[in-house]
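Fold and geometry: a report
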Amino acid sequence: MPSYQLRDTTTCQLLARDLADYATAEAAADRLDDKLEHDLAANGEGAGRIRLRLDIERVTDGVTETVGHHILLLGVDDATDALPAL
């Protein structure tokens, strides 16, 4: 039976493993997004439009295969300092 995991595409760091299915992997990515935004806010830091790409991997009998991607866009909902109208 396959399991799923999340890996940071840039650093190759494994972020979550032994996830039951693809939908569970997507939910884990959403929770990671929420946690990162919460941690940044708790430290008084803005997300500054951080973009992270995660690979969703399926592991079957020890063989890992990338089966999808999830892009985390932190800070896209932040208010912007718009220039005044002329």
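Above this text you will find the structure in question.
Below or above, wherever it landed, is the structure these notes cover. If you're wondering where the values come from, they're calculated on a predicted model, not measured in any experiment.

1. Topic: the pairing of strand β3 (residues 50-60)
In terms of strand pairing, strand β1 (residues 3-8) meets β3 through six bridges, oriented antiparallel. Bridging from a neighbouring strand, Ser-3 pairs with Val-59 of β3. Where β3 and strand β4 (residues 63-74) come together, eleven bridges link them in antiparallel fashion. For Ile-56, the partnering residue across the bridge sits in β4 and is Gly-68.

2. A few points about the nonpolar core
Residues Tyr-4, Leu-6, Ala-16, Leu-19, Ala-25, Ala-28, Ala-29, Leu-40, Leu-54, Ile-56, Leu-72 and Leu-74 constitute the largest nonpolar core, which totals twelve residues. Listing elements by their share of this core, those giving two or more residues are β1, β2 (14-19), α1 (22-42), β3 and β4. Counting residues per element, this core draws most heavily on α1, at four residues. Not counting the four nearest positions on each side in its chain, Leu-6 is found in contact with Gln-13, Leu-14, Leu-15, Ala-16, Leu-19, Ala-25, Ala-28, Ala-29, Leu-54, Asp-55 and Ile-56.

3. Some points on a negative patch on the surface
Among the surface-exposed residues, Glu-26, Asp-30, Asp-34 and Glu-37 lie close enough to one another that they form a single negatively charged patch. Position of Asp-30 among the secondary structure elements: in helix α1.

4. Some remarks on the packing of aromatic side chains
Within this structure, the stated rule accounts for one aromatic pair. Aromatic side chains Tyr-4 and Tyr-22 sit 6.4 Å apart centroid to centroid with 90 degrees between the ring planes, which places their arrangement in the edge-to-face category. Of this pair, Tyr-4 sits in strand β1 while Tyr-22 is found in helix α1, placing the two residues 18 residues apart along the sequence. Taking relative accessible area as the criterion, Tyr-22 reaches 28% and is therefore assigned partly exposed.

5. Describing the sheet that holds β1
Within the open sheet, the four strands sit side by side as β2-β1-β3-β4. Their pairing is antiparallel. If you trace the sheet from one side to the other, it starts and ends with β2 and β4, each paired once. Mean inter-strand twist for the sheet, computed between neighbouring axes without regard to direction, equals 20 degrees. With three bridges joining them, β1 and β2 adopt antiparallel strand pairing. Of the residues in β2, the one forming a bridge with Leu-6 is Ala-16. Sitting on the sheet, α1 is in contact with β1, β2, β3 and β4, with an inclination near 35 degrees to β4.

6. Side note on the pattern of salt bridges
Evaluated as defined, the whole model comprises three salt bridges. For Arg-7, the salt bridge goes to Glu-57, with nearest N and O atoms at 3.0 Å. A residue pair is termed long-range when its members are at least 10 positions apart, and Arg-7 in strand β1 and Glu-57 in strand β3 qualify at 50 residues. Here Lys-35 and Asp-39 are joined by a salt bridge, their closest N and O atoms 2.8 Å apart.

About the criteria used
Residue numbers here run from 1 along each chain, matching the order of that chain's written sequence. In keeping with the predicted nature of the model, local features appear solely for residues at pLDDT of at least 70, side-chain atom pairs appear and are counted solely at 80 or more, and the whole-chain, interface and lining totals rest on all residues. By convention in this description, side-chain values take in all heavy atoms of the structure and omit both hydrogens and water. Two strands are counted as paired when DSSP detects at least two bridges linking them. Every helix listed is a DSSP run of H or I at least four residues long, and every strand listed is a run of E at least two residues long, numbered separately from the N terminus. Residues belong to one nonpolar core when they are buried, are Ala, Val, Leu, Ile, Met, Phe, Trp, Tyr or Cys, and are joined through side-chain atoms within 4.5 Å. For every residue, the accessible area (1.4 Å probe, protein chains only) is compared with the maximum for its type, and the residue is labelled buried under 20%, exposed over 50%, or partly exposed between those bounds. In what follows, residue pairs with any heavy atoms lying within 4.5 Å of each other are defined as contacts. Two distance rules govern patches: like charges are joined within 9 Å, and nonpolar side chains (Val, Leu, Ile, Met, Phe, Trp, Tyr) within 5 Å, applied only to residues with over 30% relative accessible area and no salt bridge. The protein chains shown are the only cover counted for residues, whose accessible areas, like all others here, come from Shrake-Rupley with a 1.4 Å probe. Take a side-chain nitrogen of Lys or Arg and a carboxyl oxygen of Asp or Glu: if they are within 4 Å of each other, that pair is a salt bridge. A positive count includes Lys and Arg, and a negative count includes Asp and Glu. His and the chain ends are not counted in either. A charge is said to be at NZ when it belongs to Lys, at CZ for Arg, at CG for Asp and at CD for Glu. Paired rings are identified among Phe, Tyr and Trp, the last through its six-membered ring, by centres lying within 6.5 Å, and are further divided according to the angle between planes into stacked (under 30 degrees), edge-to-face (over 60) and tilted (the rest). Orientation is described by lines fitted to C-alpha atoms, with helices fitted over the stretch in contact, and by angles between N-to-C directions that extend from 0 to 180 degrees.

These figures come from the coordinates and say nothing about function on their own.
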